[in-house]
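Inside the fold
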Amino acid sequence: MREGEQMGTEMRSISEDILLCVQEVRRRRGIILLITVIGLILGILLSLMVRNNTYSAKACLYNGQYGSYYDSVAISNFMKDTQTLAKSYKISEEAVRILGDPSCTVEMMQQAIQVEIDSNSNVVWLVGMSNHPERSVRMVNAFTEALVTEMKAIAGIENVQVLEYAQDATVVYKATSVRLTIALVAALVFGVASSVFFMLRMLFSSAILSIDRCTLNGEINLLGVIPEIKKKEGKE
């Protein structure tokens, strides 16, 4: 019977703590809201460091040589050559010249171009990445033209043709959604952290929060409460 009473007392104490936590959060809701707004503002400022949208445009190269074993070897070499030549400084330099954009450097062209190979076909995709959709299209098309020209001139590969130039670009990295996520997460963290702080501050407070706590949950009798008397100035 004693154990049942003790368990019931503990449950009442837990319920009381939960109620007090809820009341404390409600009482401090103005401060919590202010801290949440501060977190949102900091999140917005932090999100400004996120890079802009990234766009991807694709052009397609095709090796028209097929049929025999030697043709298969030629196709395999063509794919390897494409990967190697895609990072060539000379080809990137020629691509920049074809592009005709003074703001684009050879290093930017090299970083922007990627190669995607389908091992089951004789098709190679050249991918141009940029923060501007039109620029990604123009960059990959210029590089495709320079690559085909150089492959014919240097490697003697005559069967490589441009199957498809890039027409438009797609978004591969959405900066807006990332920025929004950062701002909302920052606001949530600040709001939850401030709520937890006030709840813990209340739970570990030495102040008498209820009659039950004052009487050890009813185990001792409460005879009375001594009120706090503030002395007026000039009087003892």
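Structural data are supplied above this passage.
Residues numbered from 1 in each chain as written. Predicted model: local features only at pLDDT ≥ 70, side-chain atom pairs only at ≥ 80, totals over all residues. Heavy atoms only, no water.

**Some thoughts on the pattern of salt bridges**
Heads up, the condition is: The salt bridge criterion pairs a side-chain nitrogen of Lys or Arg with a carboxyl oxygen of Asp or Glu, the two atoms within 4 Å. Each helix is a run of H or I in the DSSP string that is no shorter than four residues. Each strand is a run of E no shorter than two, and both are numbered from the N terminus.
In this structure the tally under the stated criterion is 6 salt bridges. The partner of Glu 24 in a salt bridge is Arg 28, and the shortest N-O contact between them spans 3.1 Å. The partner of Glu 94 in a salt bridge is Arg 97, and the shortest N-O contact between them spans 2.5 Å. On the criterion of helical spacing, the pair formed by Glu 94 and Arg 97 is a turn pair, its members being 3 residues apart in helix α4 (residues 89–99). What emerges from the salt-bridge pattern is a single network uniting Glu 24, Arg 27 and Arg 28.

**As for the packing of α4 against helix α6 (residues 133–153)**
Keep this limit in mind: Axes here refer to lines fitted to C-alpha atoms; in helices the fit is confined to the stretch in contact. Angles between the N-to-C directions go from 0 to 180 degrees. Angle categories: roughly parallel below 35 degrees, roughly antiparallel above 145, roughly perpendicular from 65 to 115, and oblique for all the rest. Handedness of each helix crossing follows the sense of rotation of the near helix against the far helix: counterclockwise by less than a right angle gives left-handed, clockwise gives right-handed. Any two residues whose heavy atoms approach within 4.5 Å are treated as being in contact.
Where α4 contacts α6, the axes come no closer than 8 Å and their chain directions differ by 125°. Relative to α6, the element α4 is oriented oblique. For the pair α4 and α6, the sense of crossing is right-handed. Contacts from Lys 90, Ile 91, Ser 92, Glu 94, Ala 95, Ile 98 and Leu 99 of α4 reach α6 at Arg 138, Met 139, Ala 142, Phe 143, Glu 145, Ala 146, Leu 147 and Glu 150.

**Structural notes on the environment of Phe 198**
Which entries qualify depends on this criterion: Partly exposed describes any residue whose relative accessible area lies between the buried limit of under 20% and the exposed limit of over 50%, with all areas from a 1.4 Å probe on protein chains only and scaled to the type maximum.
Within the secondary structure, Phe 198 is located in helix α7 (residues 175–203). Overall, the relative accessible area of 8% leaves Phe 198 in the buried class. Residues Phe 198 and Arg 27, 171 residues apart in the sequence, show an inter-C-alpha distance of 9.9 Å. Those residues in contact with Phe 198 that sit more than four places away from it in its chain are Glu 24, Arg 28, Ile 31 and Ile 32.

**Looking at the environment of Ser 194**
Assignment of secondary structure puts Ser 194 in helix α7. Through-space distance from the C-alpha of Ser 194 to that of Val 25 is 9.2 Å; in sequence the pair is 169 residues apart. Filtering out sequence-adjacent residues up to four positions away, Ser 194 remains in contact with Ile 32 and Ile 35.

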